[in-house]
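As a plain string of letters, each chain reads:
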Amino acid sequence: MKARYIRAMDRLHRLCLVVSILCLVIMTLIVPWGVFTRYVLNRGSEWPEPMAILLMIVFSFFSAAVCYRDNLHIAVMALPNAASPEMRKVLGWLAELGMVATNMFMLIWGLQLVDTTWHQGIAEFPVLSVGLTYLPIPVGGAITALFVIERLWTGALFAPPDSGSVALTTE
Amino acid sequence: MDSLILLVTFTVFCAIGIPVAYALGLSAIVTLMWIDIPLEAAMLKTSDGVDNFSLLTIPFFVLTGALMAEGGTAQRLINFAQVFVGFIRGGLSLVNIVASTFFGCISGSSVADTASIGSVMIPQMIKQGYPRVFATNVTICGSLQAILLPPSHNSVIYSLAAGGSISIAHLFLAGIVPGVLLGIAIMVLCLIVAQRKNFPKGRVIPLREAAWIALDAFWGLLTIVIILGGILTGVFTAIEAGAVACVYAFFVTMFIYREVRWRDLPQLLARVTRTTGMVMIMIGFSVTFAYAMALIQLPAKATQLFLTLSDNKYVFLMLINILLLILGTFMDLAPMLLICTPILLPVIPKFGIDPIHFGMIMLLNLGIGLVTPPVGPTMVVGCAIGRVSMEQITKELWPFYIVMFLVLMLVTYVPELSLWLPRVLGP
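Since this is a predicted model, take the numbers as computed values, not measurements. (Residues numbered from 1 in each chain as written. Chains lettered and ligands numbered in written order. Predicted model: local features only at pLDDT ≥ 70, side-chain atom pairs only at ≥ 80, totals over all residues. Heavy atoms only, no water.)

Caption draft 1: How the structure looks around the interface of chain A and chain B. Taken together, the contacts link 61 residues of chain A with 71 residues of chain B. Surface buried jointly by chain A and chain B totals about 5500 Å² across both partners, of which 75% is contributed by carbon and sulfur atoms. Asp70(A) is paired through a salt bridge with Arg274(B); the nearest N and O atoms lie 2.6 Å apart. Counting across the interface, chain A meets chain B through 6 residue pairs in polar contact (both at pLDDT 80 or more). Breaking the side of chain A that touches chain B down by element, the ones donating at least two residues are helix 1 (2–39), helix 2 (48–69), helix 3 (78–82), helix 4 (85–117), helix 5 (130–134) and helix 6 (136–154) of chain A. The element best represented in the side of chain A that touches chain B is helix 4 of chain A, accounting for 15 residues. Of the residues that constitute the side of chain A that touches chain B, the class distribution is 39 nonpolar, 18 polar and 4 charged. (Contact = heavy atoms within 4.5 Å. Buried area = accessible area lost by both parts, 1.4 Å probe. Salt bridge = Lys/Arg side-chain N within 4 Å of Asp/Glu carboxyl O. Polar contact = N/O pair within 3.5 Å; in protein donor to acceptor, adjacent residues only side chain to side chain. Helix = DSSP H or I, 4+ residues; strand = E, 2+ residues; numbered from the N terminus. Nonpolar A, V, L, I, M, F, W, Y, C, P; charged D, E, K, R; others polar.)

In structure tokens:
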């Protein structure tokens, strides 16, 4: 059962990563397209900017879930590192419960926000609902919550980043 | 009481090991519940945080830097720097810093700079007889220029933390003089050390060879022209410059330098996605945190506190420097920028400080934290490449700390260093 859940989370993690990469690539292509149409075709396209923002929202919440599963989010580890193994386990559980709480807030109140704004259209893309722009919040929250359950189940609290997934840094 | 709840919950959540991004969100949610604000507003603010066109600048410049770093640009920029300073005594340490200046203008990241330049320069310096610790220290301190020089990711984060009220282009321009000044100051220190320890001189590169090296580095250097030239001439916005630089970096890496294989591209994109993902969610939740701070009037209380301590601009700036240096030692740059900016920015008009100048003070202060133990990420990467311990390099870092502190004092108390270029060249 546990192994099956971990396999499912592996697939979900991969899906989130692929979606995020696709968003990144498309954003990187459509913004220069806006510059190209403005200077070369002499008629600036209106859609690249709002489309890039929509993709950015999807990218942000999906890639955050990926970073959580890869243990990449910045955390202050002074206390957990100094604690005894038993205390470290307690702190790990508290930290993960904090993560569950945050992600549940994202899921529940994010869904309410989606529901409230579902019937409003986006000015630049009238066929798309404003609610759709908020949908990545509850979806991202739900996915991260599933990853938190996996971590609590496997007991891999405060694990170091997977060496194969180590990120660069903006600093 | 409201302020106490926000600050105490945030501190406790961070201390128990909740990722800083989520600790920001959770403490804001707890505070909003305490003051009875509908939590939909919290989610709306989080979404607003990432629903911002300027934010795109970060993934674009991270991707440009990653493509250039893996595409062989670092080695070519090092060769180019060698032409100018390699023949001086202690030349390799100077080459390290000049190459960092060039690469910083492409990557905008101190850690990326250390990883790219350091992995080439540190072994080369050791081979030429430089002490391992000195080589590592020069690399990590030289790479701090990237925090200030355009396209600094942290300038973008500062602009976003300020609510987008400060132009990214002006911040980019403001960072040039302080960044170069930092580089020159560290080079002077290296020259003094080189004379005292009799470090080797490099060879003078003949003109014909120098021309070939310059030609080889030309494509990498053109990225700087695209970014800065595009923004300064008003052809692009900073965001568009980032995107165009990405496409250009892809073209140079895959079709001219050809040092990245096509099958390695997905891995590179995955790394950039992870890097950016960490920052984006932090920015999203920091907007919710700033919203909670505004509702409980924390910035106004901070202003009152600082005015009680002193109404003298210079004393205030010294207090800020001490505070940020201490905070920067214990926490990473991006979260500190996102937390401190909304609190401190409303204070500075009372002391007549320009927000662009203040941004440079914050960046340099918190940037120094990147090369201090126990959590300085640039230091950690430098130690891994130089194969030295933090204890070893910290013992010999003090001359570098003194130099960086002197530069910090100049940047703090001579606002013109930061404000002159944006005024003269600002779009």
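That was the structure; now back to the text.
Caption draft 2: Local environment of the environment of Val411(B). Residue and element names in this part refer to chain B. Within the secondary structure, Val 411 is located in helix 22 (residues 398–413). According to the relative accessible area criterion, Val 411 is buried, its value standing at 1%. Residues Val 411 and Met 360, 51 residues apart in the sequence, show an inter-C-alpha distance of 7.4 Å. (Buried < 20%, exposed > 50% of the residue type's maximum accessible area, 1.4 Å probe, protein only.)

Caption draft 3: Examining the packing of helix 2 of chain A against helix 6 of chain A more closely. Residues and elements named next belong to chain A. Direction vectors running N to C along helix 2 and helix 6 enclose 5 degrees, while the axes themselves pass 9 Å from each other. Between helix 2 and helix 6, the crossing angle belongs to the class labelled roughly parallel. For the pair formed by helix 2 and helix 6, the contact residues are Ile 57, Val 58, Phe 61, Phe 62, Ala 65, Tyr 68 and Arg 69 on the first element and Pro 136, Ile 137, Val 139, Gly 140, Ile 143, Thr 144, Phe 147, Val 148, Glu 150 and Arg 151 on the second. For the contact of helix 2 with helix 6, the per-class residue count stands at 12 nonpolar, 2 polar and 3 charged. (Axes fitted to C-alpha atoms, helices over the stretch in contact; angles between N-to-C directions. Parallel < 35°, antiparallel > 145°, perpendicular 65-115°, else oblique.)

Caption draft 4: Seen up close, the confidence of the model for chain A. Per-residue confidence for chain A averages 88 on the pLDDT scale, and 94% of its residues sit at or above 70. The weakest mean pLDDT in chain A belongs to helix 5 of chain A at 87; the strongest belongs to helix 6 of chain A at 94. (pLDDT = per-residue confidence, 0-100.)

Caption draft 5: Up close: the packing of aromatic side chains. Enumeration according to the criterion identifies 20 aromatic pairs over all chains in this entry. With 5.3 Å between their ring centres and 55 degrees between their planes, Phe10(B) and Phe289(B) make a pair best called tilted. Residue Phe10(B) is located in helix 1 (residues 2–15), and its partner Phe289(B) is located in helix 15 (residues 265–295); the two are separated by 279 residues in the primary sequence. Relative accessible area serves as the criterion here: at 9%, Phe10(B) is assigned to the buried category. Ring-pair connections join several aromatic residues into one group, and the members of that group are Tyr130(B), Phe134(B), Phe199(B) and Phe400(B). The cationic tip of Arg151(A) hangs over the ring face of Tyr68(A); the distance from NZ or CZ to the ring centre is 3.9 Å. The residue whose ring lies beneath Arg76(B) is Tyr257(B), and the NZ or CZ to ring-centre distance is 3.7 Å. (Phe/Tyr/Trp six-rings, centres within 6.5 Å; stacked < 30°, edge-to-face > 60°. Lys NZ or Arg CZ within 6 Å of the ring centre and 35° of its normal.)

Caption draft 6: Structural detail: the pattern of salt bridges. Under the definition given, this model contains 11 salt bridges over all chains. In this structure, the salt-bridge partner of Arg76(B) is Asp216(B), at a minimum N-O distance of 3.2 Å. Taken together, the residues span a long stretch of sequence, with Arg76(B) in helix 5 (residues 73–85) and Asp216(B) in helix 13 (residues 207–232) at a distance of 140 residues. Across the salt bridge formed by Arg203(B) and Glu209(B), the nearest N and O atoms sit 2.7 Å from each other. In this structure Arg203(B) comes out as exposed when scored by relative accessible area, which is 51%. Taken together, the shared-partner salt bridges in this structure form one network comprising Asp10(A), Arg69(A) and Glu150(A).

Caption draft 7: Geometry of the environment of His13(A). Residues and elements named next belong to chain A. Note on His 13: relative accessible area 10%, which makes it buried. Separated by 90 residues in sequence, His 13 and Asn 103 place their C-alpha atoms 16 Å apart. Side chain to side chain, His 13 and Asp 70 meet in a polar contact 3.0 Å long.

Caption draft 8: Fine view of a nonpolar patch on the surface. On the surface, Trp33(A), Phe36(A), Tyr39(A), Val40(A), Leu41(A), Trp47(A) and Val235(B) cluster together into a nonpolar patch covering about 620 Å² of accessible area. Following the sequence through the fold, Trp47(A) ends up in the loop between helix 1 and helix 2. On the accessibility criterion, Trp47(A) (35% relative accessible area) is partly exposed. (Patch = residues over 30% accessible without salt bridge, like charges linked within 9 Å, V, L, I, M, F, W, Y side chains within 5 Å. Areas by Shrake-Rupley, 256 points an atom, 1.4 Å probe, with all protein chains shown as cover.)

Caption draft 9: View of the packing of helix 8 (residues 132–142) of chain B against helix 20 (residues 377–386) of chain B. Residues and elements named next belong to chain B. For the pair helix 8 and helix 20, interaxial distance at closest approach is 9 Å and the crossing angle is 145 degrees. Read as a crossing pair, helix 8 and helix 20 show a hand that is right-handed. Note on element contacts: helix 20 touches helix 8 through Thr 378, Met 379, Gly 382, Cys 383 and Gly 386, opposite Arg 132, Thr 136 and Ile 140. Residue composition of the contact of helix 8 with helix 20, grouped by class: 3 nonpolar, 4 polar and 1 charged. (Left-handed = near helix turned anticlockwise from the far one by under 90°.)

Caption draft 10: Structural context of unusual backbone geometry. Residues Pro150(B) and Pro151(B) are joined by a peptide bond in cis, for which omega reads 5 degrees. Positive phi outside glycine occurs at Asn71(A), with the angle close to 55 degrees. The topology assignment puts Asn71(A) in the loop between helix 2 and helix 3. At Arg258(B), a position not held by glycine, the phi torsion is positive, near 50 degrees. By relative accessible area, which is 62% here, Arg258(B) ends up exposed.

Caption draft 11: Summary view of the side chain of Thr223(B). Residues and elements named next belong to chain B. Topologically, Thr 223 is positioned in helix 13. Looking at Thr 223, the relative accessible area reads 0%, which means it is buried. Apart from residues lying up to four places away in sequence, Thr 223 is in contact with Thr 64, Met 68, Ile 106, Ala 245 and Tyr 248.

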